[in-house]
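A structural walkthrough
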Amino acid sequence: MNYRPNLGFEYPERSDEHMITVKHLRDTNFDENYQYLPKGFWHKFSRAVLWVLLNVVVFFVVWIRHGVKIHGRKKLKKYKKEFKDGAITIANHVFMWDYLCVLMAIRPHLQYHPGWKTNFEGPNGPLIRWIGGIPVPTDNIRAMAKFQRAIGDVLKNKHWLHFFPEGSMWYYYPDIRPFKKAVFKYAVRFNKPIIPIGITFRPRKGLWKLIGKRPLVNVHIGDPLFPDKSVPEMEAIDKIHATAYHEMQVLCGINPGDPTYNTDQNIDNYKKTM
């Protein structure tokens, strides 16, 4: 099994419960009138600027801060043909900058990603929006319908889409929590491959000890998973849901027979391992 940092964090009871508090700075009405997926010239221009900044500045800063090592990038080239119409990436959600690590791993691709709406009303809201964030509305059926259309537009237009299927961020948690099934519905209904990306950690050694105290980051890109179109939709969703969960655990060094290997994706049944 991989390195398991124990930094003394107290994790929530439910596996999809958030463990961070976001300072509320703005009220935003995420209803059916909200523009979940920006369009037009200025949106395209801002995305182009973002791409340059990421590659010239941000990824270097991420490497300096977290010592990111990326494994498996050759798979993006190997399956380039399969990814030409877009793809869905998934990763375990384990620290604040992990999405930047995902972007670093799949460069030069830019993505969109659904996110916790509370984050969009906090200090980093504009930045999250710029980097492709799409807030997930709650308690509004019409708003949710518009959100789902926006996600559909992303996939129909052959863009890449990212999900954190665990549903929340837990700092440096070494195991894979249960996955939300909705992620896999999109993969099946829009016939998109899923690229599992596992994030693990390693201890700081040598000069890295002078830069920070938190563990260094490994990013593992797995082989793509493809929806089974020969079976009914719900069966295909269940199948790729279970396969993705297994593959993510293996990517993170958690294999069948290990104490923390899990097959039960019922959130209510999940027992914390730290």
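Right above here is the structure, for reference.
The text that follows walks through the structure, step by step, so that each part is easy to find. What you are looking at is a predicted structure, and each value in this text was computed from that prediction instead of being measured.

What follows is about the packing of aromatic side chains. Within this structure, the stated rule accounts for 24 aromatic pairs. Plain terms: the ring middles of F9 and Y11 are 6.5 Å apart, the flat faces sit at 45° to each other, and that makes the pair tilted. Taking relative accessible area as the criterion, F9 reaches 24% and is therefore assigned partly exposed. The exposure class of Y11 is buried, given its relative accessible area of 7%. Relative to Y34, the ring of F30 lies with its centre 5.0 Å away and its plane at 75°, an arrangement referred to as edge-to-face. The burial state of F30 is the same as that of Y34; both residues are buried. Among the aromatic residues, ring-to-ring pairing joins F9, Y11, F95, W170, Y171, Y172, Y173 and F201 into one connected group.

This part is about the sheet that holds strand β1 (residues 69-71). The strand order across the open sheet formed by 7 strands is β1-β7-β6-β2-β5-β3-β4, and the pairing between neighbours is mixed. Both edges of this open sheet fall to β1 and β4 (133-136), since each of them pairs with a single strand only. For this sheet the average axis-to-axis angle between neighbouring strands, irrespective of direction, equals 25°. Bridge analysis of strand β6 (residues 194-202) against strand β7 (residues 216-221) gives 6 bridges, and the strand direction is antiparallel. Bridge pairing links G198 to H220 in β7.

Here R107 and P108 are connected by a cis peptide whose omega angle stands at 15°. Counting through the fold element by element, P108 comes out in the loop between α3 (98-106) and β3 (111-116). A positive phi is found at K158, a non-glycine position, where the angle reads about 65°. Among the secondary structure elements, K158 is positioned in the loop between α6 (141-156) and β5 (160-163). Since its relative accessible area comes to 47%, K158 is described here as partly exposed. With a phi angle near 50°, N191 is a residue other than glycine that sits in the positive phi range. Relative to the assigned elements, N191 resides in the loop between α7 (182-189) and β6.

On to the packing of α7 against helix α8 (residues 233-251). Viewed as axis vectors pointing N to C, α7 and α8 meet at an angle of 120°, and their least axial separation amounts to 9 Å. As summarised for this structure, α7 and α8 are arranged oblique, according to the angle between their axes. By crossing handedness, the relation of α7 to α8 is classed as right-handed. Residues F184, K185, V188 and R189 of α7 pack against E233, A236, I237, I240, H241 and A244 of α8. The class makeup of the residues in the contact of α7 with α8 is 6 nonpolar, 1 polar and 3 charged.

Criteria and thresholds
- Residues numbered from 1 in each chain as written.
- Predicted model: local features only at pLDDT ≥ 70, side-chain atom pairs only at ≥ 80, totals over all residues.
- Heavy atoms only, no water.
- Phe/Tyr/Trp six-rings, centres within 6.5 Å; stacked < 30°, edge-to-face > 60°.
- Buried < 20%, exposed > 50% of the residue type's maximum accessible area, 1.4 Å probe, protein only.
- Pairing = 2+ DSSP bridges.
- Helix = DSSP H or I, 4+ residues; strand = E, 2+ residues; numbered from the N terminus.
- Axes fitted to C-alpha atoms, helices over the stretch in contact; angles between N-to-C directions.
- Parallel < 35°, antiparallel > 145°, perpendicular 65-115°, else oblique.
- Left-handed = near helix turned anticlockwise from the far one by under 90°.
- Contact = heavy atoms within 4.5 Å.
- Nonpolar A, V, L, I, M, F, W, Y, C, P; charged D, E, K, R; others polar.

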